[in-house]
Amino acid sequence: MNGVCLRFYTREDQRVHGILFYEWLLEQAKKAGIHGGTAFKSMAGYGRHGVTHESKFFELAGDLTVEIEFIVTDPEAAKLLDVVKDARIRVFHARVPAEFGFIEGVTSSATP
């Protein structure tokens, strides 16, 4: 199946209506019928200002990036982008073409 990998990048402490953005976005995606999404916390990185942030510094708590990722169809991506736009949230996103599907196999952890 073809679709997109839709990623949002935000500071871990960014909030929407008092809720952390990544928690809010995952909940909005669920309400929109999107079957799954994941939030990843960064270890280190820099943004458009060129300032490097690393998780090893205690004083940077809340200052690291969280990536929220969805593998979705084009209409699902458009729906989720509209939800964020309608909420008037400033956030960076990336939309990358993706091929996805399931590989059929044994679902138990037993080794053949």
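Every chain's residues receive numbers from 1 upward, in the order its sequence appears when written. Only residues with pLDDT of 70 or above have their local features reported here, since the model is predicted, and side-chain atom pairs are shown and tallied only from 80 upward, although totals for entire chains, interfaces and linings are computed over all residues. Neither water nor hydrogens contribute to the side-chain values; these are computed over all heavy atoms in the structure.

Participant: I keep staring at the pairing of strand E7 (residues 65-72) and nothing clicks. Help me out?
Facilitator: The side chains of a regular strand alternate between the sheet's two faces. Counting buried positions along E7 yields 6 of 8 residues, so the element is predominantly enclosed. What makes two strands pair is DSSP finding at least two bridges between them. Helical segments are the DSSP runs of H or I of at least four residues, strand segments are the runs of E of at least two, and each set is numbered from the N terminus. Pairing of strand E1 (residues 2-11) with E7, which is carried by 8 bridges, proceeds in the antiparallel orientation. The residue bridging Leu6 from the neighbouring strand is Phe70, located in E7. Note: strand E4 (residues 38-41) against E7, 4 bridges, orientation antiparallel. The partner of Ala39 across the bridge, within E7, is Ile68. Each residue's exposure class comes from its accessible area (1.4 Å probe, protein chains only) as a fraction of the maximum for that residue type: buried when under 20%, exposed when over 50%, partly exposed otherwise.

Participant: Got a minute to help me understand the packing of helix H1 (residues 21-31) against helix H2 (residues 74-86) in this structure?
Facilitator: Any two packed helices are characterised by the angle at which their axes cross and by the distance between the axes. Where H1 contacts H2, the two axes come as close as 10 Å, and the packing angle between them is 130 degrees. As far as their axial angle goes, H2 and H1 are oblique. Remark: the crossing between H1 and H2 carries right-handed chirality. Of H2, the residues touching H1 (which contributes Trp24, Leu25, Gln28 and Ala29) are Leu80, Val83 and Val84. Helix axes are fitted to C-alpha atoms over the stretch in contact, other axes to C-alpha atoms as well, and angles between N-to-C directions run from 0 to 180 degrees. Any angle between 65 and 115 degrees counts as roughly perpendicular, while under 35 counts as roughly parallel, over 145 as roughly antiparallel, and the rest as oblique. Should the near helix be turned anticlockwise from the far one by less than a right angle, the crossing is termed left-handed; should it be turned clockwise, right-handed. Any pair of residues with heavy atoms lying within 4.5 Å of one another is described as a contacting pair.

Any functional reading would require information that these geometric values do not contain.
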